[in-house]
Amino acid sequence: MYIKNLLSKKVIEKGIFITFEGGEGSGKSTQISFLSKLLTEQNIPHIITREPGGTETGEQIRKILLQGKIDKLDPYSEFLCFAASRREHLKKIILPALSENKIVLCDRFVDSSIVYQGMVGGLNEDIILKVHDDFCYKKYPDLTLLLDVRPKIGLTRKNKITLDENRFENFKGKFHELVQKKFLDLALRHNNRYRIINAENNKEFIFNEIIDHLKHFFSGNL
Ligand code: TYD
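Every value quoted in this text rests on a predicted model; they were computed, and no experiment measured them.

A. Structural detail: the side chain of H89. Tracing the backbone shows H89 in helix α4 (residues 75–99). Setting aside chain neighbours within four positions, we find H89 in contact with T49, R50, E51, G53, G54, T55, I94 and C106.

B. Looking closely at the site of the ligand. Surrounding the ligand, one finds 17 residues, the nearest of these being E24, K28, R108, S113 and Q117. Take R62: an N or O atom from its side chain is 3.0 Å from an oxygen atom of the ligand. One nitrogen or oxygen atom from the side chain of S113 is found 2.6 Å from an oxygen atom belonging to the ligand. Against a free-state accessible area of 550 Å², the protein chains account for coverage of 92% of the ligand. Of all the secondary structure elements, the ones that give two or more residues to the shell around the ligand are α3 (56–66), α4 and α5 (110–120). When residues in the shell around the ligand are grouped by element, the largest group, 4 residues, is from α5. When its residues are assigned to classes, the shell around the ligand shows 5 nonpolar, 4 polar and 8 charged.

C. Structural context of α3. Every buried residue of α3 is listed here: G58, I61, R62, L65 and L66. Along the axis of α3, the buried residues cluster in a sector spanning 120°; they form a single face. Relative to its buried face, α3 has exposed residues pointing more than 90 degrees away, namely E56 and Q60. In this fold, the buried residues of α3 make contact with β2 (46–50) and α4.

D. Main features of the pattern of salt bridges. In the structure shown here, the tally under the stated rule is 15 salt bridges. A salt bridge links R193 to D111; its shortest N-O distance comes to 2.8 Å. Remark: D111 occurs in helix α5 and R193 occurs in the loop between α8 (173–189) and β5 (194–198); sequence separation between them is 82 residues. The two residues R193 and D111 agree in class, both being buried.

E. Main features of the packing of aromatic side chains. For the coordinates displayed, the defined rule picks out 7 aromatic pairs. Look at Y116 and F168: their rings are 6.0 Å apart centre to centre, the planes differ by 85°, and that puts the pair in the edge-to-face class. Linking Y116 in helix α5 with F168 in the loop between α7 (151–161) and α8, this pair joins segments that are 52 residues apart in sequence. Take Y116 and F168: they sit in the same class, and that class is buried. Residues Y116 and F175 carry aromatic rings whose centres are separated by 6.0 Å and whose planes lie at 50° to one another, so their mutual orientation is tilted. Note that Y116 is positioned in helix α5 and F175 in helix α8, a separation of 59 residues in sequence. For the pair formed by Y116 and F175, the shared burial category is buried. Pairwise contacts between aromatic rings join F82, Y116, F168, F175 and F183 into one cluster. Just above the ring of F109 sits the side chain of R86; from NZ or CZ to the centre is 5.6 Å.

F. Structural view of the packing of α4 against α5. Packing of α4 against α5 leaves a shortest axis separation of 11 Å and a crossing angle of 175°. Between α4 and α5, the angle falls in the class roughly antiparallel. Contact residues: α4 offers E78, F79, F82 and R86, while α5 offers V110, S113 and Q117. Partitioned by chemical class, the residues of the contact of α4 with α5 number 3 nonpolar, 2 polar and 2 charged.

G. Seen up close, the sheet that holds strand β4 (residues 143–148). Taken in spatial order, the 5 strands line up as β2-β3-β1-β4-β5 in an open sheet, and their pairing is parallel. Both outer strands of the open sheet, β2 and β5, are each paired with one neighbouring strand and no more. Sheet twist, expressed as the mean angle between neighbouring strand axes with direction ignored, is 20°. The pairing of strand β1 (residues 16–22) with β4 spans 5 bridges and is parallel. Residue pairing for β4: I18 is matched across the bridge by L143. On top of the sheet, helix α2 (residues 28–41) reaches β1, β2, β3 (103–107) and β4; it is set at about 165° to β3, its chief contact. Contacts from α5 reach β1, β4 and β5 within the one sheet, and its direction differs from that of β1 by about 25°.

Rules behind the numbers
Residues numbered from 1 in each chain as written. Predicted model: local features only at pLDDT ≥ 70, side-chain atom pairs only at ≥ 80, totals over all residues. Heavy atoms only, no water. Helix = DSSP H or I, 4+ residues; strand = E, 2+ residues; numbered from the N terminus. Contact = heavy atoms within 4.5 Å. Near = heavy atom within 4 Å. Polar contact = N/O pair within 3.5 Å; in protein donor to acceptor, adjacent residues only side chain to side chain. Areas by Shrake-Rupley, 256 points an atom, 1.4 Å probe, with all protein chains shown as cover. Nonpolar A, V, L, I, M, F, W, Y, C, P; charged D, E, K, R; others polar. Buried < 20%, exposed > 50% of the residue type's maximum accessible area, 1.4 Å probe, protein only. Arc of directions from axis to C-beta. Salt bridge = Lys/Arg side-chain N within 4 Å of Asp/Glu carboxyl O. Phe/Tyr/Trp six-rings, centres within 6.5 Å; stacked < 30°, edge-to-face > 60°. Lys NZ or Arg CZ within 6 Å of the ring centre and 35° of its normal. Axes fitted to C-alpha atoms, helices over the stretch in contact; angles between N-to-C directions. Parallel < 35°, antiparallel > 145°, perpendicular 65-115°, else oblique. Pairing = 2+ DSSP bridges.

Structural data, given as structure tokens:
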């Protein structure tokens, strides 16, 4: 495959932090598992992880955040739970993996807080960024793949598979439309590290597009 030819010529000499962002049902976890399978086949050291979660404590915080009533948490308490989970995640999983020169594939990261809690939820974005910089090691991804999908498609996909972690999905349609729009705005703001992928195509097509982006990214960064 593409990526193999590309990577086999070069050795990864530093960890690479790749995040996947997008609205509900954008297919991030499917694409992460496709990519992980490919990297495993190529013997390329990597880990896959997710937020909120990633550590044992993070997974407990995840339950608090994603289950239960929409209005059960004060908005800043909610954000601080995401941030606490993220600090644990960085300290115990992400930073050690990067220092071992692994590729880290992470399902959501601080951009989700910026969009969900900040741009859509109305929390002060400067506070979100300050907490990130002060407590989350000022760590930002090397590359972020935004899987862009209209909520009416994403939510239908999700309804087919989802379980009890639906606190955020229960917000009304307008909320999800805003999430999609704000992610696109954020991607334009950070267009050096963002790549936007049309996630309404079929999953094989989307994966090929991701590989194309990675090919360019790796050729410039390794
Ligand atoms: P999850 O079931 O993982 O959703 P998805 O499959 O769409 O990624 O739930 C994560 C939810 O948490 C999702 O609705 C977005 C939300 N979230 C935030 O609001 N802020 C954050 O910082 C993070 C990491 C997630």
